[in-house]
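Below, each chain spelled out in residue letters.
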Amino acid sequence: MSGSRYKLLWSGTSRFGDHIEVVEKGAVVQLRVNEVWQGEWNRRSPLLLPTPYMQQMLLALCYARALRRFLVIGLGTGCLPKALRAILPRSRVDVVEIDSVIVEVAKRFFGVVPDDGSDRRRPGLYVHVGDGVEYVLQTEETYDAIFVDAFSGSELPEAFRSRRTVYHLRKRLVPGGVLAFNLSRLDAFAIGDVVAHISALVAPPAAFDPKNDERHDDLNLVLIAPTPHSSRRMRQRRLFLESHKTRLGMDIGQLLRNELHPSALRHSTETFVTHFLV
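Not measured: the values here are computed from a predicted model.

1. Re the sheet that holds strand 3 (residues 28-33)
Stage number 1. Ordered in space as 1-2-3-4, the four strands form an open sheet in which the pairing is antiparallel. This sheet does not close on itself; its edge strands, each paired only once, are strand 1 (7-13) and strand 4 (36-42). Across the sheet, the axes of successive neighbouring strands diverge by a mean angle of 20°, strand direction being ignored.
Stage number 2. With six bridges joining them, strand 1 and strand 2 (residues 19-25) adopt antiparallel strand pairing. If you follow W10 over to strand 2, its bridge partner there is V22.
Stage number 3. The strands touched by helix 3 (residues 100-109) are strand 1, strand 2, strand 3 and strand 4; relative to strand 1, the strand with the most contacts, the crossing angle is about 160°.

Here it is in structure tokens:
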């Protein structure tokens, strides 16, 4: 473990052979996979979203027609689904996580408390262990917003960048629903694929540069695509999110200003391709 300032709480191996560590410093508990920071939880501010990209993804609420049912693909430390349930207590949040070890770690160390029960009409936080793509292909449930935050290392798994997957994600959105995607700008080819498929099958996405701080590499790119029937209640939803800004640690105005012009998105992607791949 790097960094003697941190106390090791637990270490183990994921289903896929990755080395997992849970470390602690004061009130902050961190999740590291293969010595790479993957998320954290502040016990004193339990709803604080620790990275700008997580805050940026929550902007999807500004575009959705309704705020009742959500799907989050990728659990990690559970910050995003916990925030959704806290600020929207009458909502139902389904989370799909492929690694059962991550689920147990999230429950033990990061304050994730799933609800029990099979009644799909009940509000709550429900965690499903399985492949996110397979879940989307098989479920009949529909959602007001779907958040895709599924990484293998610094890359989006191949299945999530396919046209077929984006098509089925679109089918799982209600009219007025929103799709939010977290991408890595290191994976520029995935960006090209996902932007093309979302533009063709959902709607041309708004792209946001979260402007992460020095603790978290500034490599994220967040796409938010409302379906054609979306009604933008931006002002009301912005005021709603601002009412929770202290709990969530969000500067809504700054997050909205992070939107990239399409030409800037192309330039950003091309710059990363040139720098890292040539």
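2. Topic: the packing of helix 5 (residues 163-171) against helix 6 (residues 188-201)
Stage number 1. Running from N to C, helix 5 and helix 6 cross one another at 40°; their axes reach a closest spacing of 9 Å. Between helix 5 and helix 6, the angle falls in the class oblique. Once helix 5 is placed against helix 6, the crossing between them reads as right-handed. For the pair formed by helix 5 and helix 6, the contact residues are R163, V166, Y167 and R170 on the first element and H197, I198, A200 and L201 on the second.
Stage number 2. The class makeup of the residues in the contact of helix 5 with helix 6 is five nonpolar, one polar and two charged.

3. So, the pattern of salt bridges
Stage number 1. One pass over the structure, following the stated rule, counts nine salt bridges.
Stage number 2. In this structure, the salt-bridge partner of R69 is D94, at a minimum N-O distance of 3.9 Å. Here R69, found in strand 5 (residues 69-73), pairs with D94, found in strand 6 (residues 92-97); they are 25 residues apart in sequence, far enough to count as distant. Per residue, the accessibility class of R69 equals that of D94, and both read buried.
Stage number 3. Between R161 and E158 there is a salt bridge; the shortest N-O distance is 3.9 Å.
Stage number 4. By relative accessible area, E158 is classed as exposed at 59%.
Stage number 5. Overlapping salt bridges, with partners in common, bring together R69, R92, D94 and E141 in one network.

Calculation criteria
Throughout this document, residue positions are counted from 1 along each chain, in the order its sequence is written. Where local features are concerned, this predicted model is filtered to residues with pLDDT of at least 70; where side-chain atom pairs are given and counted, the filter is 80 or more; whole-chain, interface and lining totals use all residues. Each side-chain value is worked out from all heavy atoms of the structure, with water and hydrogens disregarded. A pair of strands is treated as paired once DSSP finds two or more bridges between them. Runs of H or I in DSSP of at least four residues are treated as helices and runs of E of at least two as strands, each being numbered from the N terminus. To obtain an axis, a line is fitted to C-alpha atoms, over the contacting stretch when the element is a helix, and the angle between two such axes runs from 0 to 180 degrees between their N-to-C directions. Note on contacts: a residue pair qualifies if any of its non-hydrogen atoms lie within 4.5 Å across the two residues. Each angle receives one of four descriptions, namely roughly parallel if under 35 degrees, roughly antiparallel if over 145, roughly perpendicular if within 65 to 115, and oblique otherwise. Two helices cross in a left-handed way if the nearer one is turned anticlockwise from the farther one by less than a right angle. They cross in a right-handed way if the turn is clockwise. Note on residue classes: Ala, Val, Leu, Ile, Met, Phe, Trp, Tyr, Cys and Pro are nonpolar, Asp, Glu, Lys and Arg are charged, and everything else, Gly too, is polar. Salt bridges are identified by distance alone: a Lys or Arg side-chain nitrogen within 4 Å of an Asp or Glu carboxyl oxygen. Here the term buried applies to any residue with accessible area under 20% of the maximum for its type, exposed to any over 50%, and partly exposed to those in between, with areas from a 1.4 Å probe on protein chains only.

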